[in-house]
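Chain by chain, the residues:
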Amino acid sequence: MWFGARPGCSGLTTKELQKNLKLAKQNERPVRLLFEIPSSRVVEQLLNKHVVYQIVVMRSGSFDSCHVSVERRYNDFFQLHRKLLEEFNEELEDVLLPRKLLTGNFNPESILERRLALQDYLAKLFATRCVRHSAHFSEFFTDHEQKQAHVLLRAGQFTAALELLQTVLEIQEKLLPWQKSTLTVPALSAIAVCYRDLDEPEQAFSAAQRALPPVRRYGLKHYRAALLELLVDLGYQLGRPVAQLQDELTALRNGERGEVCFQSLKEVVIHKFI
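Residues numbered from 1 in each chain as written. Predicted model: local features only at pLDDT ≥ 70, side-chain atom pairs only at ≥ 80, totals over all residues. Heavy atoms only, no water.

- Per an unreviewed UniProt entry, the chain goes by PX domain-containing protein and derives from Xenoophorus captivus.
- The annotation that UniProt attaches to the chain under Subcellular location (unreviewed entry) is "Early endosome membrane". (UniProt positions renumbered as here; feature names shortened; annotations may be inferred.)

Have a look at this one:
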């Protein structure tokens, strides 16, 4: 039996097919992360003076129009290194944290040298498999902002909290290929709560919808019931079909009565970082 050429391949010579295959392979370069420290600034407080470094996180291997950044001081790097050594001492024998400067900390040349050394340090950490899969590594880039956002959320400053949470989510999404699939659940849940209290139900529904699949898959029971309840409430408000969500919520409550303390999503989010 004769079969026609596959669509898109008819009329191509062997040389052209080989060229197309080569281009396809080039476009399938593995995605990894790059960490740049393009700038720093000196922060002067009443009894304290220190340098903070801007860390930009971006993907390589594919076009990444979203370059997200956070600021960290040397002590944050020091604490990260200490935690990693406790867990991966042997694997980090060749990864050295730049030494703390005892003098000349605020000299522009010293700051530039330190900035480049810390950038190289982050690259070496990411190149170490156990580190890039470690929760300590992801928390270094997001924990400060996430805790700050939850303080703002508890204070009712939802717009300010959202700004920080979006930064957290963008970084976590870049780190996700090397982290647990549930990494983004707390941030997405907090974003849903903020949008709900800002009376933006579409955005709240969307964030909660994104959080639900990994919650279902990995059995995060305290999040699951709270997310389902929020989605049902918002679904009714938006005129969305919610029968399946309602059935799932009812089955969850009936099946695990007494085993799960059912809380609102806001309560779950607030208790996460208390």
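### Here we look at the packing of helix α5 (residues 135–154) against helix α6 (residues 158–175)
Phase 1 of the analysis: Their axes nearest at 8 Å, the elements α5 and α6 cross at an angle of 160 degrees. In terms of their interaxial angle, α5 and α6 are classed as roughly antiparallel. The element α5 and its partner α6 pack so that their crossing is left-handed. Packed against α5, whose contacting residues are F137, S138, F141, T142, E145, Q146, Q148, A149, H150, L152 and L153, the element α6 presents F158, A160, A161, L164, L165, V168, I171, Q172 and L175 at the interface.
Phase 2 of the analysis: For the contact of α5 with α6, the per-class residue count stands at 13 nonpolar, 6 polar and 1 charged. (Axes fitted to C-alpha atoms, helices over the stretch in contact; angles between N-to-C directions. Helix = DSSP H or I, 4+ residues; strand = E, 2+ residues; numbered from the N terminus. Parallel < 35°, antiparallel > 145°, perpendicular 65-115°, else oblique. Left-handed = near helix turned anticlockwise from the far one by under 90°. Contact = heavy atoms within 4.5 Å. Nonpolar A, V, L, I, M, F, W, Y, C, P; charged D, E, K, R; others polar.)

### Section: the side chain of R132
Phase 1 of the analysis: Among the structural elements, R132 can be located in helix α4 (residues 129–132).
Phase 2 of the analysis: Buried charge R132 goes without a salt bridge, the closest partner of opposite sign being E91 at 12 Å.
Phase 3 of the analysis: If near-sequence neighbours (up to four positions away) are discounted, R132 is found in contact with L125, F126, A127, F137, W178 and Q179. (Buried < 20%, exposed > 50% of the residue type's maximum accessible area, 1.4 Å probe, protein only. Lys, Arg positive; Asp, Glu negative; His and termini not counted. Salt bridge = Lys/Arg side-chain N within 4 Å of Asp/Glu carboxyl O.)

### Some words on the packing of aromatic side chains
Phase 1 of the analysis: Using the criterion set out here, one finds 9 aromatic pairs in the structure.
Phase 2 of the analysis: Here a set of aromatic residues connected by ring pairs shows up, and it is made of F35, F77, Y121, F126, F137, F140, F141 and W178.
Phase 3 of the analysis: The ring of F140 has R72 sitting right over it, with the charged end atom 5.9 Å from the ring centre.
Phase 4 of the analysis: The ring of F205 has R240 lying over it, and the distance from NZ or CZ to the ring centre is 4.8 Å. (Phe/Tyr/Trp six-rings, centres within 6.5 Å; stacked < 30°, edge-to-face > 60°. Lys NZ or Arg CZ within 6 Å of the ring centre and 35° of its normal.)

### Regarding the sheet that holds strand β2 (residues 49–60)
Phase 1 of the analysis: The 3 strands lie next to each other as β1-β2-β3, forming an open sheet whose pairing is antiparallel. The outermost strands of the open sheet, each flanked by one partner alone, are β1 (32–44) and β3 (68–73). For this sheet, the mean inter-axis angle between neighbouring strands, taken without regard to orientation, is 25 degrees.
Phase 2 of the analysis: Bridge count between β1 and β2: 11 bridges; the pairing is antiparallel. (Pairing = 2+ DSSP bridges.)

### Some points on helix α11 (residues 265–272)
Phase 1 of the analysis: All buried positions along α11 are accounted for by L265, V268, V269 and I270.
Phase 2 of the analysis: Buried-residue contacts for α11 involve α5, α7 (185–197) and α9 (221–238).

### Considerations on the environment of Q79
Phase 1 of the analysis: Structurally, Q79 can be placed in helix α2 (residues 74–88).
Phase 2 of the analysis: Look at Q79 and you get partly exposed, because its relative accessible area is 26%.
Phase 3 of the analysis: Along the backbone, Q79 and F140 are 61 residues apart, and their C-alpha atoms lie at a distance of 9.0 Å.
Phase 4 of the analysis: Within the local environment of Q79, its side chain forms a polar contact with the side chain of R82, the two groups lying 3.0 Å apart. (Polar contact = N/O pair within 3.5 Å; in protein donor to acceptor, adjacent residues only side chain to side chain.)

### Some words on the pattern of salt bridges
Phase 1 of the analysis: According to the stated counting rule, one finds 11 salt bridges in the structure shown.
Phase 2 of the analysis: Residue R72 is joined to E145 by a salt bridge in which the shortest nitrogen-to-oxygen separation is 2.6 Å. Here R72 is found in strand β3, whereas its partner E145 is found in helix α5, with 73 residues between them in sequence. Of the two residues, R72 and E145, both sit in the buried class.
Phase 3 of the analysis: A salt bridge links R82 to E86; the shortest N-O distance between them is 3.0 Å.

### Describing the packing of α6 against α7
Phase 1 of the analysis: With their axes 9 Å apart at the nearest point, α6 and α7 run at an angle of 155 degrees to one another. By the angle between their axes, α6 is roughly antiparallel relative to α7. In this structure, α6 crosses over α7, and the sense of that crossing is left-handed. Residue-level contacts link F158, A161, L162, L165, Q166, V168, L169 and Q172 of α6 to A187, L188, A190, I191, C194, Y195 and D197 of α7.
Phase 2 of the analysis: When its residues are assigned to classes, the contact of α6 with α7 shows 12 nonpolar, 2 polar and 1 charged.

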